[in-house]
Amino acid sequence: MKKYVILCFLFLGFNLHAQEKEWYNKDGIYLGLGTGTWLPTNSKNPLKTPVLFNFNVDFKSNKNAIGFSFDLLFLKTKEPLSVRLNDSIINSERTLGGVNITLNYAREFYQSNRFSFEAITGLGYGEMTFYNPNAEIDVSKASFLINPGINVRYLMSNDYFLQFKLQYNIVNYHDQNKVIDNLKGQYVSAKIIFGSVIN
């Protein structure tokens with residue numbers, strides 16, 4: 001009798017473990033919306049910590065994922081930036097805007113019952129826009145963008161997940177021909193994303 005009960009518990013435990021593994025190890029399309037911020041590596045950078053909103057989609061198969069990310073940034077500086085337009089120097093408004101668009105690749109290197117950890121890298125385009133209040137012309141600075149980092153995804157259920165992204169953004173928004181202030185340096189970004197899975 002004891003052997004029968006032990007065998008039943010072992011079978012039940014093995015069956016639940018197998019189901020749990022199958023539940024958390026699935027392919028599909030991961031759609032998410034998130035928010036976050038970034039920190040400039042240059043302490044003299046006047047852009048400081050903006051609020052950003054993110055749309056993210058990943059196509060995952062086995063341990064690999066290819067995705068797309070779109071960031072909309074709202075920046076506020078302590079003082080107006082000194083913007084150069086043609087031969088004149090003006091002061092921009094303190095509130096600025098920007099976008100980042102990247103194509104991403106992720107490789108999963110560890111997975112537990114509810115968590116998956118991925119190494120990620122993105123390649124894309126970024127742009128900052130500095131408003132000229134005098135001539136009503138947007139003065140912008142565009143740059144290529146590379147952002148390696150790590151991604152942690154927490155599976156809340158069969159259909160929903162919570163995701164944390166930490167990336168190092170290699171980008172150049174500094175252009176003395178347009179903005180006199182020092183915008184040199186890179187940016188560390190952090191995002192929290194909530195989303196759903198389509199199988």
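Note that the structure is predicted; figures quoted are calculated from it, not measured. (Residues numbered from 1 in each chain as written. Predicted model: local features only at pLDDT ≥ 70, side-chain atom pairs only at ≥ 80, totals over all residues. Heavy atoms only, no water.)

## Let's talk about the overall build of the chain
Across its full length, the chain holds one helix and eleven strands. Here the chain holds 199 residues, and 38% of them are scored as buried. Considering only contacts in the chain between residues 6 or more positions apart, those separated by 24 or more positions represent 62%. Total accessible area on the chain is roughly 11500 Å²; 63% of this is exposed by carbon and sulfur atoms. (Helix = DSSP H or I, 4+ residues; strand = E, 2+ residues; numbered from the N terminus. Buried < 20%, exposed > 50% of the residue type's maximum accessible area, 1.4 Å probe, protein only. Contact = heavy atoms within 4.5 Å. Areas by Shrake-Rupley, 256 points an atom, 1.4 Å probe, with all protein chains shown as cover.)

## Structural notes on the confidence of the model for the chain
Per-residue pLDDT for the chain averages 80, and the proportion of residues at 70 or more is 80%. No element of the chain has a lower mean pLDDT than helix 1 (residues 2–24), at 46, and none a higher one than strand 10 (residues 160–169), at 94. Note on residues 1–22: pLDDT is under 50 here. Beyond four places in sequence and across chains, it has two contacts. (pLDDT = per-residue confidence, 0-100.)

## Notes on the nonpolar core
A general feature of soluble globular proteins is that nonpolar side chains tend to end up buried together. If you look at the biggest cluster of nonpolar residues, it comprises 18 residues, and the most contacted ones within it are Trp38, Leu47, Leu75, Met128 and Phe130. Looking at this core, the elements that each hand over two or more residues are strand 3 (64–76), strand 4 (82–85), strand 7 (115–132) and strand 8 (137–146). Not counting residues up to four positions away in its chain, the partners in contact with Leu75 are Trp38, Leu47, Pro50, Arg94, Thr95, Leu96, Gly97, Gly98 and Met128. (Core = buried A, V, L, I, M, F, W, Y, C linked by side-chain atoms within 4.5 Å.)

## Some words on a nonpolar patch on the surface
Residues Ile150, Met156, Tyr160, Leu162, Phe164, Leu166, Ile192 and Phe194 make up a contiguous nonpolar surface patch of roughly 710 Å² in combined accessible area. Of all the secondary-structure elements, those providing two or more residues to the nonpolar patch are strand 10 and strand 11 (187–198). Here the nonpolar patch takes four residues from strand 10, the largest share from any one element. With respect to the helices and strands, the residue Phe194 is situated in strand 11. (Patch = residues over 30% accessible without salt bridge, like charges linked within 9 Å, V, L, I, M, F, W, Y side chains within 5 Å. Salt bridge = Lys/Arg side-chain N within 4 Å of Asp/Glu carboxyl O.)

## Observations concerning the environment of Met156
Within the secondary structure, Met156 is located in the loop between strand 9 (149–155) and strand 10. Relative accessible area serves as the criterion here: at 40%, Met156 is assigned to the partly exposed category. A sequence separation of 38 residues divides Met156 from Phe194, and the C-alpha atoms of the two residues are 10.0 Å apart. Discounting chain neighbours no more than four positions away, the residues touching Met156 are Arg114, Phe161, Leu162 and Phe194.

## Comments concerning the packing of aromatic side chains
In total, this model carries nine aromatic pairs according to the counting rule given. Summarising the aromatic geometry, the rings of Trp38 and Tyr173 are spaced 6.4 Å apart at their centres and angled 40 degrees between planes, so their arrangement reads as tilted. With Trp38 in strand 1 (residues 28–40) and Tyr173 in the loop between strand 10 and strand 11, this residue pair connects regions lying 135 residues apart in the sequence. Judged by relative accessible area, Trp38 falls into the buried class, the value being 1%. Seen from their ring centres, Phe115 and Phe117 are 6.2 Å apart, and the 25 degrees between their planes marks the pair as stacked. It is Arg153 that lies over the ring of Phe161; its NZ or CZ is 5.3 Å from the centre. (Phe/Tyr/Trp six-rings, centres within 6.5 Å; stacked < 30°, edge-to-face > 60°. Lys NZ or Arg CZ within 6 Å of the ring centre and 35° of its normal.)

## Some remarks on the side chain of Asp58
As for its placement among the helices and strands, Asp58 is situated in strand 2 (residues 51–61). Taking relative accessible area as the criterion, Asp58 reaches 7% and is therefore assigned buried. Polar contacts involving the side chain of Asp58 include one to the side chain of Arg153, which spans 3.4 Å. (Polar contact = N/O pair within 3.5 Å; in protein donor to acceptor, adjacent residues only side chain to side chain.)

## Focus on the pairing of strand 11
Burial along strand 11 is one-sided: the residues Tyr187, Ser189, Lys191, Ile193, Gly195 and Val197 are buried and none of Val188, Ala190, Ile192, Phe194, Ser196 and Ile198 is. Alignment of strand 1 against strand 11, held across twelve bridges, turns out to be antiparallel. Bridge assignment links Gly34 to a residue of strand 11, and that residue is Ile193. (Pairing = 2+ DSSP bridges.)

## Let's talk about the pattern of salt bridges
In total, this model carries five salt bridges according to the counting rule given. The salt bridge involving Arg153 is made with Asp58; its shortest N-O contact spans 3.4 Å. In this pair, Arg153 is assigned in strand 9 and Asp58 in strand 2, connecting sequence segments 95 residues apart. Both residues of the pair, Arg153 and Asp58, count as buried. Connected via shared salt-bridge partners are Asp58, Lys60, Glu108, Glu118 and Arg153.

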